[in-house]
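# Understanding the architecture of this molecule
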Amino acid sequence: MAGWTTVTDPILRQNPVTLQILGICSALAVTTTLAAALTMGAALTLVVVTAGAIISMIRAHLPSSIRLIVQIIIVASLVIVIDQFLQAFFYEMSQRLSVFVSLIATNCVVLGRTESFALHNRPLPAMADGLGNGLGYSLVLAIVGSVRELFGQGTLLGYAILPTVEQGGWYEPLSLMLLAPSAFFLLGGLVWAIRSWRREQIETPEYSLAPTRDAGT
Amino acid sequence: MTDLAGLFIRSAFVENMPLTLFLGLCTFLALSRRPGTAVGLGVAVIVVMGVTVPVNHLLYQFVLAPGAWTWAGLPDLDLSYLRLLTFIGVIAAAVQLVEMVMDRYLPALFNTFGVFLSLLAVHCAILGGSLFMADRRYDLAESTVFGLGSGTGFALAVIMLSAIRRRLAYADLPGGLQGLGIAFIITGMMSLGFSTFAQVALP
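Keep in mind it's a predicted model, so treat the numbers as computed, not measured. (Residues numbered from 1 in each chain as written. Chains lettered and ligands numbered in written order. Predicted model: local features only at pLDDT ≥ 70, side-chain atom pairs only at ≥ 80, totals over all residues. Heavy atoms only, no water.)

## Here we look at the interface of chain B and chain A
Listed by partner, the interface residues are 41 residues for chain B and 40 residues for chain A. Interface area for chain B against chain A, summed over the two sides, is near 3,700 Å², with a carbon-plus-sulfur share of 79%. When the buried surface of chain B facing chain A is broken down by residue, F22(B), L180(B) and F184(B) rank first, second and third, together holding 18% of it. Here chain B and chain A share zero salt bridges between them. Summed over the shared surface of chain B and chain A, the result is zero residue pairs in polar contact (both at pLDDT 80 or more). Every element with two or more residues in the side of chain B that touches chain A is listed here: helix 2 (17-20), helix 3 (25-30), helix 5 (83-105), helix 7 (124-136) and helix 9 (180-194) of chain B. For the side of chain B that touches chain A, the leading source of residues is helix 9 of chain B, giving nine residues. Here the residues of the side of chain B that touches chain A are counted per class, giving 26 nonpolar, eleven polar and four charged. (Contact = heavy atoms within 4.5 Å. Buried area = accessible area lost by both parts, 1.4 Å probe. Salt bridge = Lys/Arg side-chain N within 4 Å of Asp/Glu carboxyl O. Polar contact = N/O pair within 3.5 Å; in protein donor to acceptor, adjacent residues only side chain to side chain. Helix = DSSP H or I, 4+ residues; strand = E, 2+ residues; numbered from the N terminus. Nonpolar A, V, L, I, M, F, W, Y, C, P; charged D, E, K, R; others polar.)

## Topic: the environment of G130(A)
Residue and element names in this part refer to chain A. With respect to the helices and strands, the residue G130 is situated in helix 8 (residues 123-153). The exposure class assigned to G130 is buried, which follows from its relative accessible area of 2%. Once the C-alpha coordinates of G130 and V47 are considered, the two residues, 83 residues apart in sequence, prove to be 8.6 Å apart. Non-local contacts of G130, meaning those with residues more than four positions away in its chain, are made with V48 and V49. (Buried < 20%, exposed > 50% of the residue type's maximum accessible area, 1.4 Å probe, protein only.)

## Details of the packing of helix 4 (residues 35-64) of chain B against helix 8 (residues 140-168) of chain B
All names here are of chain B. Packing of helix 4 against helix 8 brings their axes to within 8 Å, and their N-to-C directions diverge by 165 degrees. Comparing their axes, helix 8 and helix 4 come out roughly antiparallel. The way helix 4 lies across helix 8 gives a crossing that is right-handed. Along the lines of polarity and charge, the residues of the contact of helix 4 with helix 8 split into 17 nonpolar, ten polar and one charged. (Axes fitted to C-alpha atoms, helices over the stretch in contact; angles between N-to-C directions. Parallel < 35°, antiparallel > 145°, perpendicular 65-115°, else oblique. Left-handed = near helix turned anticlockwise from the far one by under 90°.)

## With respect to the pattern of salt bridges
Residue and element names in this part refer to chain B. For the structure on display, the rule yields three salt bridges over all chains. Residue E15 pairs with R136 through a salt bridge whose shortest N-O separation is 3.2 Å. With E15 in the loop between helix 1 (2-14) and helix 2 and R136 in helix 7, the pair connects residues that are 121 residues apart, well separated along the chain. Owing to a relative accessible area of 22%, E15 belongs among the partly exposed residues under this scheme. Put simply, D135 and R83 hold a salt bridge, and the shortest N to O gap is 3.4 Å. Of the two residues, D135 is situated in helix 7 and R83 in helix 5; the sequence distance between them amounts to 52 residues. For D135, a relative accessible area of 37% translates into the label partly exposed.

Okay, here's the thing in structure tokens:
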């Protein structure tokens, strides 16, 4: 079914983060704990689905010269609503995410999908595409977030999984996992793993070794 | 004066936008294949951040901040929730303006760097700079220095990464690491290097 692949494709085969290089900025900053990663994923999914629906509905009335500004304003308004909602009901989480919720407004996943998909499709497929991309993004965030939280603090969503030395257990937390570089290494490793499994995603190198001419002689 | 110099060094090295705060990574990774484009992007980011952060600061302080309308008899008015929309608008307008000024007076430079300018309207590092400025309550001088420092940090990081990737073009990498994968790992190593700046004692 065509509608179904629109949702499932971006989750692995066309993942926005690992293949399309979209939305990496916020993908890394909020992944020190799984809870923050899931909140961020949910917020982004909501924004990209709603923005896709709205922009797809008005696409026939949108002159192409001002479409970028209109899209940015729609996305930014949605982000303000979500930011205010988080501040009202999940104040601690909104403090932890700080400016990164606002930065969804310039997240390339949102603008990339509205620009390349919602502008040319009917509202329902646009929402399905938004959902798929949002979920693909959330999946990457959740993987990176759970690895960093598990090995950095020995917990998952706040529950102790590996008892740390401080609490009388045996696990010595890897503090590197809480620092910036680990997120880059994990994401690099994730890209490597996905591309080794799905070989069609491998980029063709700009240069390659010339075949040796005297092979076999 | 030493405060401002300290702030510049802190925003360029200790709190480097792409390497420690993860901002602006999309363009950081996408446009770092060649040193030439990286230099263009870096210069454009320095200019735009140096202009937009102080302008946004003025707007925030005199229009949006809580209590900014006290003189008009509206002491309770708090427009700070509009800061996101305002900042984005200012950044887009500033980018357009810089583009037009460059096109008029520096056409040679415009032809080299012009493409990157329009990209910067939705650049996380630039918007992030303005949002941090509002969060941390910098004053006008501080926000100018912060904008220039963060821009310099971004330019430095993107030029370094492009130089390394240029060398790696001849390396025989495993297929899965080609391109994006190895770029992430190099960025991680650079980030590890930059994290030592956190130990630098600043005034």
